[in-house]
Amino acid sequence: MKAIRRFTVRPVLPDPLRPLSDLARNLRWSWHAETRELFQSVDPERWAISDGDPVRLLGSVRPERLAELAEDRRFLRRLAAAAGDLHDYVTGDRWYQAQGGEPPAAIAYFSPEFGITAALPQYSGGLGILAGDHLKAASDLGVPLIGVGLLYRHGYFRQTLSRDGWQQEHYPVLDPNELPLVLLKEGDGTPAQVELALPAGRTLRARIWLAQVGRVPLLLLDSDVEENEFGERGVTDRLYGGGSEHRLLQEMLLGIGGVRAVRTYCRLTGHPQPEVFHTNEGHAGFLGLERIAELCDGRGDKGTDGGLDFDSALEAVRAGTVFTTHTPVPAGIDRFDRELVARHFGPDAELPGIDVGRVLGLGMETYPGGEPNLFNMAVMGLRLAQRANGVSLLHGRVSRQMFAGLWPGFDSEEVPITSVTNGVHAPTWVAPEVFRLGARQIGAQRAEDALSVGGSDRWDSVAEIPDQEIWDLRRDLREQLVQEVRRRLRASWRQRGAGTAELGWIDGVLDPDVLTIGFARRVPSYKRLTLMLRDRDRLMELLLHPERPVQIVVAGKAHPADDSGKRLVQELVRFADDPRVRHRIVFLPDYGMGMAQKLYPGCDIWLNNPLRPLEACGTSGMKAALNGCLNLSVLDGWWDEWFQPDFGWAIPTADGAATDADRRDDIEAAALYDLLEQRVTPRFYERGRQGLPDRWIQMVRQTLTLLGPKVLAGRMVREYVERLYTPAALAHRSMRPDAARDLADWKARVRSAWPRVAVDHVETSTSTATAELGTTLALRVRVRLGDLRPDDVEVQSLSGRVDSEDRLADATTVALKPTAGPDTEGRWLYEGPLSLDRTGPFGYTVRILPAHHLLASGAELGLLSVPAEDLAEQSGVLLR
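Procedures and definitions
- Residues numbered from 1 in each chain as written.
- Predicted model: local features only at pLDDT ≥ 70, side-chain atom pairs only at ≥ 80, totals over all residues.
- Heavy atoms only, no water.
- Helix = DSSP H or I, 4+ residues; strand = E, 2+ residues; numbered from the N terminus.
- Rg over C-alpha atoms; globule rule 2.2 N^0.38 Å.
- Buried < 20%, exposed > 50% of the residue type's maximum accessible area, 1.4 Å probe, protein only.
- Contact = heavy atoms within 4.5 Å.
- Areas by Shrake-Rupley, 256 points an atom, 1.4 Å probe, with all protein chains shown as cover.
- Pairing = 2+ DSSP bridges.
- Axes fitted to C-alpha atoms, helices over the stretch in contact; angles between N-to-C directions.
- Polar contact = N/O pair within 3.5 Å; in protein donor to acceptor, adjacent residues only side chain to side chain.

**Q** Where do I start with the overall build of the protein chain in this structure?
**A** Helices and strands together make up the secondary structure of the protein chain, namely 30 helices and 27 strands. Computed over the C-alpha atoms, the radius of gyration of the protein chain is 30 Å, within 12% of the 29 Å expected from 2.2 N^0.38 for a compact globule of 880 residues. In terms of its C-alpha atoms, the protein chain occupies a principal-axis envelope of roughly 95 × 70 × 50 Å. Out of the 880 residues in the protein chain, the part that is buried amounts to 58%. Here the analysis covers contacts within the protein chain between residues at least 6 apart in sequence; of these, 73% occur between residues at least 24 apart. Entry remark: accessible area of the protein chain is about 35,600 Å², with carbon and sulfur atoms responsible for 48%.

See the structure below:
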């Protein structure tokens, strides 16, 4: 019989145990070992059954056990200590509170997914895990962040396999009342709601659930409320599901509804209003439109009575907005039909006070090769943010090239997109055994600080840990992984229909003394899940080598709509099912945080072989490194930035223009096999005088001491605060209503006048084609400014080495000074030095840029004027 209605029955905790509820509802337990150990001691068996989820645990503990614990003085002392520690954590000063200057009072951080813990399954892959790590690190550092996302009633899908290895998707229903969430309520006890206007007079309503991530509140919007029509109730049904309109509604709710949720939360709790809004990928880009509407309506925090016009509000919003792009390929960006977007805005839908044409203009692909009928969420994100970044140095370069069309005429290096390399939240991903080893060496508090804040001096102490202890730890972690793999593999085969009598072989799967390679990630084609299968005979030889065998653990999900990805999964599974090798290679379905936390520490090698440069960052290798696992990777993402032979291996890339995809895969797979055969396995299995792999252990040390401080999310968040959040907050404060109007008027005036701005004449104090190093020439430039004044522009010289096509490389930029003008022809004279500071082919050019003290970059307007070609040929010096 099926129940006709479902309730969540909450336990009534005895008064002495009430702090358990607070500990369970603050997700700090997910990265705080002592709190998890306290919950485990409540009922170890039920803790295991609940998959380490305190809310589920407390909902299943017998009343007799609770009564027993309420009388247990030792347990109550531990409970009081844990509750006191949490109180100190959330109220005490931390890194952020010790910063000088005027950092932001609050930052709102928007993301379509958040991977905080397996107990709150609201993530699909790296973007969500990164967002979760960002919140946790912000909490550890005391950064006043407010997270904003959606609550998906089905989360992301659960993955199983059919008997023939085909991916199967399952969408379990999640009850928010059974999750570590509380409903945000108004003062009268009714649930707080946000509303969006939809076409045809419909309304989309959403409640706001609160997850407390240490010190950081995470607001999750949920459209499954009774007041909504059936279609609207399903807007937040699942992550990355549905068609274009479904996705558009999700992103409108996230961006527009998210801003309204933040305003509601701050009103109800007294939390400071955000001065900075951070858009994690383009999905939340509509938040900028809502903030523009606030200022046009006279709402928001700018104190305007009559409201701002659209252009002035746009300047005010841009000043305090940060946009992070995570994709290195145009196909990874959400793009919508412009008619679909137009239908959801304007007088009969959302934001009726904003002209639909202005909305569409923000997302138009106006650059060469763009699609005029598509609305691009990343393009809108960049236009609505004064500061933008990629997520590794290489990805920053790729992003500047990919979006260079928005800043025509500028070299890609000058496109105003910087980079902050991702990091990972070490307290979440470092195995307890690794932490305890470090704590024995430097003390628990210093070890905790090393993982959260960083500092290389704390990591240097790894050098003092004896080799035997490091090797014993690595062997122990590998053995734990072997047991975990066997348990999961047995469960997977049972789901595939196998009987108990068929599964005896699983007891011999993997060996705790064999070199173990991990490969786990999403399964789009560019990550090349099956590159290792390129030469199956050679792979078999590696797996079955009599003296130096390897074993491989593979996991990953293909998107439900990606049949090509599912075929890759099936190909890998079928190979792993082969009785000849199934004890050496396994595929584990349903990759998620719970599996990952066992997988990273237990592997010796973390393998990553994407098509370079399509991996924006690739943080899984960072999590493995923090546990002493060595990386074997293509030089992409973060590995391109930080690779050293001291602590890993680089797979060569065959990315020449004349190499087709198949040939490239063949070459790079062969390079992978060569590395494993000739360098990796010999180093793992060779033994020194003490019977230990001395050189391998040294690489583990180098991984921890050199990479450890770099890959931390604490380092990443500190960079965001110092390089992006604080400058954005200062710009936000400067952009008072009058300043916003003045800047908008100035930009309009400059754009109108720019066609008449020109470089008219350039000359230097030499006419020879050679000069000595160290010579300084006098540079004189006459420019036409039309209706502009010198205060509106900056005239620059750029000089440096030139290539065979006279393109400047690594140019030095010098601002020239106006010395006379305007003359009878309206020209201004600018002068300055030209230093010949490099030998070899040397050249220079000049240009004119708009200049204003409220611009974050000279490229911001995408306007510049350079000498005409015929003028360049007459202008003096190109030294060779």
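**Q** Just to check I follow, could you spell out the sheet that holds strand β25 (residues 817-820) for this structure?
**A** In a beta sheet, neighbouring strands are held together by backbone hydrogen bonds and run either parallel or antiparallel to one another. Read across the open sheet, the 4 strands follow the order β21-β22-β26-β25; overall the sheet is antiparallel. Edge positions in the sheet fall to β21 (758-764) and β25, since each has one partner strand and no second. Pairwise comparison of adjacent strand axes, ignoring direction, gives a mean angle of 30 degrees for this sheet. For strand β22 (residues 776-784) and strand β26 (residues 827-835), the ladder comprises 9 bridges, and the chain directions are antiparallel.

**Q** Please explain the side chain of R521 as it appears in this structure.
**A** Relative to the elements of secondary structure, R521 occurs in the loop between β15 (515-520) and α21 (536-543). Polar side-chain contacts of R521 include one of 3.2 Å to the side chain of N608. In this structure, R521 is in contact with K527, A555, G556, K557, Y591, W606, L607, N608, E615 and S620, ignoring residues within four places of it in sequence.

**Q** It is not clear to me how helix α10 (residues 287-296) should be interpreted in this structure. Could you clarify?
**A** An α-helix turns once every 3.6 residues. As a result, residues three or four positions apart point the same way. Counting buried residues along α10, 9 of its 10 residues qualify, which places the element largely inside the surrounding structure. Where α10 is concerned, the buried positions are L287, G288, L289, E290, R291, I292, A293, E294 and L295. G298 occupies a position one or two residues after α10 and carries a positive phi of about 85 degrees.

**Q** Would you mind going over unusual backbone geometry with me for this structure?
**A** Only a minority of non-glycine residues have a phi that is not negative, and only a minority of peptide bonds are not trans. Residue P613 follows R612 across a cis peptide bond; omega there is 5 degrees. One can find P613 in the loop between β18 (605-608) and α24 (620-625). Residue G821 is joined to P822 through a cis peptide bond whose omega torsion reads -5 degrees. Residues other than glycine seldom take positive phi values, yet D51 does so here, at roughly 55 degrees. Take D51: it is sitting in the loop between α3 (44-49) and α4 (54-58). Residue D51 is classed as exposed on the basis of its relative accessible area, which comes to 65%.

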